[in-house]
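The primary structure of each chain is shown beneath.
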There are 6 protein chains.
Amino acid sequence: MSRVLYPGRFQPFHKGHLKVLLKLLDEFDEVVVAVGSAQEAFTCRNPFTAGERLEMINNVLKSEGVGRDRYWLIPVPDIRMPPAWTSYLLAMVPVVDAVATGNPHVAYLYEWLGLRVLKLKLYEPDRFNGTLIRRLMCSGGDWRSRVPGVVAEYIDRVNGVERVRRVCSSAC
Amino acid sequence: MSRVLYPGRFQPFHKGHLKVLLKLLDEFDEVVVAVGSAQEAFTCRNPFTAGERLEMINNVLKSEGVGRDRYWLIPVPDIRMPPAWTSYLLAMVPVVDAVATGNPHVAYLYEWLGLRVLKLKLYEPDRFNGTLIRRLMCSGGDWRSRVPGVVAEYIDRVNGVERVRRVCSSAC
Amino acid sequence: MSRVLYPGRFQPFHKGHLKVLLKLLDEFDEVVVAVGSAQEAFTCRNPFTAGERLEMINNVLKSEGVGRDRYWLIPVPDIRMPPAWTSYLLAMVPVVDAVATGNPHVAYLYEWLGLRVLKLKLYEPDRFNGTLIRRLMCSGGDWRSRVPGVVAEYIDRVNGVERVRRVCSSAC
Amino acid sequence: MSRVLYPGRFQPFHKGHLKVLLKLLDEFDEVVVAVGSAQEAFTCRNPFTAGERLEMINNVLKSEGVGRDRYWLIPVPDIRMPPAWTSYLLAMVPVVDAVATGNPHVAYLYEWLGLRVLKLKLYEPDRFNGTLIRRLMCSGGDWRSRVPGVVAEYIDRVNGVERVRRVCSSAC
Amino acid sequence: MSRVLYPGRFQPFHKGHLKVLLKLLDEFDEVVVAVGSAQEAFTCRNPFTAGERLEMINNVLKSEGVGRDRYWLIPVPDIRMPPAWTSYLLAMVPVVDAVATGNPHVAYLYEWLGLRVLKLKLYEPDRFNGTLIRRLMCSGGDWRSRVPGVVAEYIDRVNGVERVRRVCSSAC
Amino acid sequence: MSRVLYPGRFQPFHKGHLKVLLKLLDEFDEVVVAVGSAQEAFTCRNPFTAGERLEMINNVLKSEGVGRDRYWLIPVPDIRMPPAWTSYLLAMVPVVDAVATGNPHVAYLYEWLGLRVLKLKLYEPDRFNGTLIRRLMCSGGDWRSRVPGVVAEYIDRVNGVERVRRVCSSAC
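The present account deals with the structure reproduced in this document. (Residues numbered from 1 in each chain as written. Chains lettered and ligands numbered in written order. Predicted model: local features only at pLDDT ≥ 70, side-chain atom pairs only at ≥ 80, totals over all residues.)

### Brief notes about the interface of chain C and chain F
Taken together, the eleven residues of chain C in the interface contact eight residues of chain F. Grouping the constituent residues of the side of chain C that touches chain F by class yields four nonpolar, four polar and three charged. (Contact = placed C-beta atoms within 7 Å. Nonpolar A, V, L, I, M, F, W, Y, C, P; charged D, E, K, R; others polar.)

Structure, rendered in structure tokens:
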């Protein structure tokens, strides 16, 4: 049985994340999705609560027909001590064989601990990245085409666009 | 759709927990199991990592035939600020309708925040409680009959009895 | 008896704050002024200690003839976990009926908890805001006319202008 | 103008505390009462929130006829780093001339920082101490005669006895 | 070049510690002594500051003729998240080949991370242990013969016995 | 015996630091070098672990012929509470007579505590500063001439340039 850890903030979960996640589900028996900065919410950089992010990802994988026993959804608060954060995270999840990340900082930390690291190639990072999508939500641009349909629905249901506009007002 | 939050430390998950959890699964569409003191491990009071506890509970519910989409398993580190911990926890999980707890401290905290609290009656707490079960593991007593079979298997696989004995040595 | 919570950083307390505070004192029996980021001091963004900020506000309200039993002055350190911070703060102050804030982030957090939120209209925010006033102190501009007279006196007494200049040097 | 810092947990505020506080009010122009462990509530050791403790003390001093401008009431969360806690606390309160404490641990910490420390003689500590009073509340003993009348009233209003009984159940 | 990590609280550094440390200095080129609970001081369990403990150990090794380039003295504050603490500590010290510990909790944590662990046999733990030595200081018993001479001198210089007596009063 | 505290981040240790440190070694019997932000590593602003920074500084002082008993190397994690950080740091190091710093924020904090502060004049800060040197490493500029030779060797040995390039990628 093989298992990979896939950490991210997912503010919000977009099509780039989905592409990577489906690929990991092809290659591993199980994927542990770690939803980072879980203690943050209602800020411009982290508008959605961890709970909302868990639900978004769960809805997407359900709509993609991925069995619920193929993935774990784990919220992880920051501890602002990078080397400590790595083993902190490892202790919070079922045992994994590798860590998949596109973030060189995270990659270094896990290599330093001696773990196997899969360095992800991000999928069209210029189109699919959280900062850009939040900015589009803020400015009335086309953010919908960058996230899976069920994520757009979820965001509408929680009035996510209005939320992002208000908490990012000075940055819009 | 109804959802209830069920927090606990589950060191280890025993038959009293299972009885309560199955009852909550009867009454609610989904149960969010919050595995507390998630940052602790390899101590006498918290011998198992949060990841191990997640796996134990998942194995039990699978063996009981509970569908994976009926429950969420969420590790939650302590923050040692009780009033803050409540909303911290609420932000980390999908929206819930109530909190189920047998712990009066936790009940007070959520009532103080205005949440609906189900005060659980513990199931034979003299036989099924974590402190007693860890002590039995320590002293060579009959701990196996107090936990679901798949939990006993899991504990054996990770050499849990030896672990408890060593980290509790002075308290055995 | 009605009571409202009014959180802010007050670096320093200026005429915009005073306008809002006097209005809240008209509408409520008591105002709980929560002095945030209380653990910060001697930085460019937070040059004054919480203790100094408490004294500034107390001096202003005394000079305005507001009775000491009409307000509470409570320093509150950041805990960098926004959803937890809200209930943390509620537990540290006498029970309040509402929260008054001009900050959409804070408003969302308290609404999420189910509290009554008064969304404040800031008073001439282009003239009366902390960032601008600190910049004027730094550059030798006219900061005095933007703060109540007793605040200017207090700042002079603790050599506040020199302090801001030195700790903000690179940003002056 | 002279000012003294008087730290304590005040769970609850009792006649021993009052005796000391009135004496400090005789000797200093102002007393800064620091309500410690402010982040704790609804536990057996810390049943009352910081906000409740602030109100209890305020009610007592009002009933004693002490002017509201003679004292400051400041909640202070623990930071569990004793040497850091001292300067943390000093930064959160108006400047003080001395610290008054009956706790040798606190006395050492402030002496180590170079502050003037008044070593308090506790007033009949065998009759007036928080642990004992909470135990009496728990067991149905006579706790009322050990706290000022207005504190007893306040505790009744928030159902404090029932609270202590429930959260201390195993220790009653 | 070989290097071993030797963590402990050293409250105070006693002859059992010295025996172990000299043995490690025989077997490794360098020893990294990690002085734990460094944020604690002036409590009954941790009467001495981290700085004082560093000096005690340095004085002892000097008097034993151990070259200053054979050992590192590193204070390490607790972070109360055991699995995180391990990698936190590894990041704070020069790279080590192994960890030497007599504490099974610490041994498990490092084994869990994949490190080489030397399980130390404590040297006459019934005679040489910190708890006992602090109790002897408290009760006027013979603590001097249990610590190296230069440690006794150091403790006398900082009035350590009086300190222990006062902060441990209720436990003496 | 005189001792001075010299705090810094040393990312990396450069010739400006060395100049200051040698001067302090001329004026004091011992220098306590406090390596700050010790909990950070593998980020653009803090690429090197605390352990690596300790080794760099130790190698430099050895190559300069400074006796190992003339200096202490102490890693200090941030606690993000500036006034608390000062006494936290003082408790972690041997007793010092003064603090030497070129940082006005740090100078204010120690003056506020009543300590003697030496305000350092930085040595050619336009040439020798960490931000600039990391930027040069990133862009392929001449960083080597700005750090002592043994530091350049150390950085090469740990592939420091590649590390800085990867973790700073967006800022290069």
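### Focus on the interface of chain B and chain A
The partner chain A presents 19 residues to the 19 residues of chain B that form the contact. Elements with a minimum of two residues in the side of chain B that touches chain A: α2 (50–63), β3 (71–75) and α3 (82–92) of chain B. Here the element with the most residues in the side of chain B that touches chain A is α2 of chain B; it accounts for four residues. Along the lines of polarity and charge, the residues of the side of chain B that touches chain A split into 13 nonpolar, three polar and three charged. (Helix = DSSP H or I, 4+ residues; strand = E, 2+ residues; numbered from the N terminus.)

### Some thoughts on the relation of the copies chain B and chain A
Applying a rotation about an axis and a shift along it to one chain copy brings it onto the other copy. Taken as rigid bodies, chain B and chain A are interconverted by a rotation of 180° and an axial shift of 0.0 Å, the fit giving an RMSD of 0.0 Å. When the rotation and shift are considered jointly, the pair of chain copies conforms to a two-fold rotation axis. Looking at the interface residues of chain B, 100% of them are also at the interface in chain A, so both copies use one shared face. (Least-squares fit on C-alpha atoms with pLDDT ≥ 70 in both.)

### Points about the packing of helix α7 (residues 160–167) of chain A against helix α4 (residues 104–113) of chain C
Where α7 of chain A contacts α4 of chain C, the axes come no closer than 8 Å and their chain directions differ by 140°. When the interaxial angle is binned, α7 of chain A and α4 of chain C end up oblique. Residues R163, R166 and V167 of chain A of α7 of chain A touch α4 of chain C, and the partners they reach there are P104, H105 and Y108 of chain C. (Axes fitted to C-alpha atoms, helices over the stretch in contact; angles between N-to-C directions. Parallel < 35°, antiparallel > 145°, perpendicular 65-115°, else oblique.)

### Description of the environment of R3 of chain F
Residues and elements named next belong to chain F. The residue R3 is located in strand β1 (residues 3–8) in this model. Here R3 falls in the partly exposed class, since 17 other C-beta atoms lie within 10 Å of it. Counting along the chain gives 87 residues from R3 to L90, while the straight-line C-alpha distance between them is 12 Å. Among all residues touching R3, those that are not within four sequence positions of it are F28, D29, E30, V32, P94, V95, V96 and D97. (Buried ≥ 20, exposed ≤ 12 C-beta atoms within 10 Å, placed from the backbone.)

### Section: unusual backbone geometry
The omega torsion of the bond from Q11 of chain B to P12 of chain B falls at -5°, within 30 degrees of zero and hence cis. Examined against the element boundaries, P12 of chain B turns out to sit in the loop between β1 (3–8) and α1 (15–27). Non-glycine residue S37 of chain C carries a positive phi angle of around 50°. By the element assignment, S37 of chain C lies in the loop between β2 (30–35) and α2 (50–63). For N159 of chain C, which is not glycine, the phi torsion reads 55° and is therefore positive. Its location among the elements puts N159 of chain C in the loop between α6 (149–157) and α7 (160–167). The exposure class assigned to N159 of chain C is exposed, which follows from the 11 C-beta atoms found within 10 Å.

### What about the sheet that holds strand β4 (residues 98–101) of chain B?
Residue and element names in this part refer to chain B. Taken together, the five strands give an open sheet; going across it, the order is β3-β2-β1-β4-β5, and neighbouring strands pair in parallel fashion. For this open sheet the edge positions go to β3 and β5 (117–119), each flanked by a neighbour on one side alone. Going across the sheet, the axis of each strand differs from the next one's by a mean of 25°, ignoring polarity. Across two bridges, β1 lies against β4 in parallel orientation. (Pairing = 2+ DSSP bridges.)

### Here we look at the packing of helix α2 (residues 50–63) of chain F against helix α6 (residues 149–157) of chain F
All names here are of chain F. Contact pair α2 / α6: the axes reach a minimum separation of 8 Å and the direction vectors enclose 145°. Note on packing geometry: the crossing formed by α2 with α6 is right-handed. Touching E55, M56, N59, V60 and S63 of α2 are V150, V151 and Y154, all from α6. Its residues placed into classes, the contact of α2 with α6 shows five nonpolar, two polar and one charged. (Left-handed = near helix turned anticlockwise from the far one by under 90°.)

### What about the sheet that holds strand β3 (residues 71–75) of chain F?
Residues and elements named next belong to chain F. Spatially, five strands are ordered β3-β2-β1-β4-β5 in an open sheet, and the strand pairing comes out parallel. If you trace the sheet from one side to the other, it starts and ends with β3 and β5 (117–119), each paired once. Averaged over all pairs of adjacent strands, the angle between their axes in this sheet comes to 25°, without regard to strand direction. Here β1 pairs with strand β2 (residues 30–35) via six bridges, running parallel. Note that in β2 the partner of R3 across the bridge is E30. Sitting on the sheet, helix α1 (residues 15–27) is in contact with β1, β2 and β4 (98–101), with an inclination near 170° to β1.

### So, the environment of E162 of chain D
Along the chain, the position of E162 of chain D falls in helix α7 (residues 160–167). C-beta crowding within 10 Å serves as the criterion here: with 11 such atoms nearby, E162 of chain D is assigned to the exposed category.

### Details of the relation of the copies chain C and chain F
At an RMSD of 0.0 Å, chain C and chain F line up after a rotation of 120° and a shift of 0.0 Å along the axis. When the rotation and shift are considered jointly, the pair of chain copies conforms to a three-fold rotation axis. It is R80 of chain C whose C-alpha, among those of chain C, lies nearest the rotation axis, at 6.0 Å.

### Here's the deal with the pairing of strand β1 (residues 3–8) of chain D
Of all six residues in β1 of chain D, five are buried, a share of seventy percent or more. Regarding the hand of the β-α-β motif, the stretch spanning β1 of chain D, helix α1 (residues 15–27) of chain D and strand β2 (residues 30–35) of chain D is right-handed. (Right-handed = clockwise from strand over helix to strand, strands pointing away.)

### Some details on helix α3 (residues 82–92) of chain C
Three- or four-residue spacings in an α-helix give side chains the same orientation, since the helix completes a turn every 3.6 residues. Of all the eleven residues making up α3 of chain C, eleven are buried; the element is thus mostly covered by neighbouring parts of the structure. All of the buried residues in α3 of chain C are P82, P83, A84, W85, T86, S87, Y88, L89, L90, A91 and M92 of chain C.

### Describing helix α1 (residues 15–27) of chain A
All names here are of chain A. Spanning 13 residues, α1 covers 19 Å between terminal C-alpha atoms, matching the ideal 18 Å at 1.5 Å per step. Of the residues making up α1, those classed as buried are G16, H17, V20, L21 and L24. The arc enclosing the buried residues of α1, seen along the axis, measures out at 125°, which places them on a common side. Structurally, α1 contributes buried residues whose contacts are with β1 (3–8), β2 (30–35) and β4 (98–101). (Expected span 1.5 Å × (residues − 1). Arc of directions from axis to C-beta.)

### Focus on the nonpolar core
In this structure, V33 of chain A, V33 of chain B, V33 of chain C, V33 of chain D, V33 of chain E together with V33 of chain F are the most contacted members of the largest nonpolar core, which totals 354 residues. Setting aside its immediate chain neighbours within four residues, V33 of chain A contacts Y6, I57, Y71, W72, L73 and I74 of chain A. (Core = buried A, V, L, I, M, F, W, Y, C linked by C-beta atoms within 7 Å.)

### A short note on the pairing of strand β3 (residues 71–75) of chain C
Residue and element names in this part refer to chain C. Taken across its five residues, β3 has five buried, putting it largely inside the fold. Of the two faces of β3, the one carrying Y71, L73 and P75 and the one carrying W72 and I74 are both buried. Note: β2 against β3, five bridges, orientation parallel. Opposite A34, over in β3, you have I74 as the bridge partner. Once you follow β2 into α2 and on to β3, the crossover reads as right-handed.

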